[in-house]
Amino acid sequence: MTNLSIILLLSLAFSLSVVFAADPSTLQDFCVTNPIGQVCKDPKHVDANDFFFSGLHTAGNTTNPAGSKVTPVFASQLPGLNTLGISLARIDIAPWGVNPPHSHPRATEILTVLEGTLEVGFITSNPENRHFTKVLQKGDVFVFPIGLIHYQRNIGYGNAVAIAALSSQNPGAITIGNAVFGATPEISSGVLSKAFLLDKSTVNYLQTKF
Ligand SMILES: *[C@@H]1O[C@H](CO)[C@@H](O)[C@H](O)[C@H]1NC(C)=O
């Protein structure tokens, strides 16, 4: 192996370890994502727009079966968030719509209600599976601890709007129904019928819904 290929391999290994790490402490002021590669954009070419996102004044389209829409502002929407361990999202929920049960594997979420009335809750891990729930009004704040399953439902008469701040540039989301009944390729109905105490036809029905 030539010295050059060793250097190339080492730099590749280093860049991969940075890219796949979960929000490491920052070692520099910023590392704005370079859309071409995974290394930081040359700081000389970084400008204010790399730290800027516009559009959260616009309501998300809630005309869908859940009656809700999440508009993310993660590192993929705002490259300057890369390595900074923080992000946010706008959540719109139509009356009686839900942001269905889901979890963020990499982030705690703190939610502020801007408009409307939200029923929110999260469930702790096994074996307690304790359900913490609360009705929130405009100006109220609630926190969903990292990794725990949580949801929001609009129980008011008008549209509800909330801003969620998350402790990761890329929090990830696992929506329980989609993951369990909408997996590709699907989880066998034998597994799901035992796991959820359902007959196989109900499992197959749920799989067509997701
Ligand atoms: C909202 O989404 C629905 C369903 O996809 C679509 O029919 C409708 O045109 C959308 N409304 C707007 C304003 O984009």
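Coordinates for the structure precede this section.
Just so it is clear, the structure is predicted and the values come from calculations on it, not from any experiment. (Residues numbered from 1 in each chain as written. Predicted model: local features only at pLDDT ≥ 70, side-chain atom pairs only at ≥ 80, totals over all residues. Heavy atoms only, no water.)

### What to know about the state of the cysteines
Then, number 1: All chains considered together, the criterion is met by one disulfide.
Then, number 2: What pairs with Cys31 in a disulfide is Cys40, and their sulfur atoms sit 2.1 Å apart. Of note, the bridge from Cys31 to Cys40 carries an S-S torsion of about -105° and is left-handed in sense.
Then, number 3: For Cys31, a relative accessible area of 4% translates into the label buried. (Disulfide = S-S within 2.5 Å. Buried < 20%, exposed > 50% of the residue type's maximum accessible area, 1.4 Å probe, protein only.)

### Re the environment of Cys40
Then, number 1: Relative to the assigned elements, Cys40 resides in the loop between α1 (3-20) and β1 (68-73).
Then, number 2: The spacing of Cys40 and Thr83 is 43 residues in sequence and 9.9 Å in space, taken between C-alpha atoms. (Helix = DSSP H or I, 4+ residues; strand = E, 2+ residues; numbered from the N terminus.)

### As for the sheet that holds strand β7 (residues 141-144)
Then, number 1: Read from one edge to the other, the open sheet built from five strands follows the order β1-β2-β9-β4-β7, with strand pairing classed as antiparallel. A single partner strand is all that each edge strand has here, and the edge strands are β1 and β7. Across the sheet, the axes of successive neighbouring strands diverge by a mean angle of 20°, strand direction being ignored.
Then, number 2: Pairing between strand β4 (residues 109-115) and β7: four bridges, direction antiparallel. Each residue of the ladder has a partner; that of Glu109, found in β7, is Phe144. (Pairing = 2+ DSSP bridges. Axes fitted to C-alpha atoms, helices over the stretch in contact; angles between N-to-C directions.)

### Overview of the packing of aromatic side chains
Then, number 1: Here the structure, examined in full by the defined rule, presents six aromatic pairs.
Then, number 2: The interplanar angle of 25° and the centroid separation of 5.1 Å between the aromatic rings of Phe122 and Phe132 together place this pair among those described as stacked. Note that Phe122 is positioned in strand β5 (residues 118-123) and Phe132 in strand β6 (residues 131-136), a separation of ten residues in sequence.
Then, number 3: Between the aromatic rings of Phe122 and Phe142, the centroid separation amounts to 6.1 Å while the plane-to-plane angle is 50°, which identifies the pairing as tilted. Taken together, the residues span a long stretch of sequence, with Phe122 in strand β5 and Phe142 in strand β7 at a distance of 20 residues. There is no split in this pair, since Phe122 and Phe142 are both buried.
Then, number 4: Each member of the aromatic cluster is reached from another via a ring pair, and the members are Phe122, Phe132, Phe142 and Phe144. (Phe/Tyr/Trp six-rings, centres within 6.5 Å; stacked < 30°, edge-to-face > 60°.)

Fair warning: the whole summary comes from geometry, so function is off the table for now.
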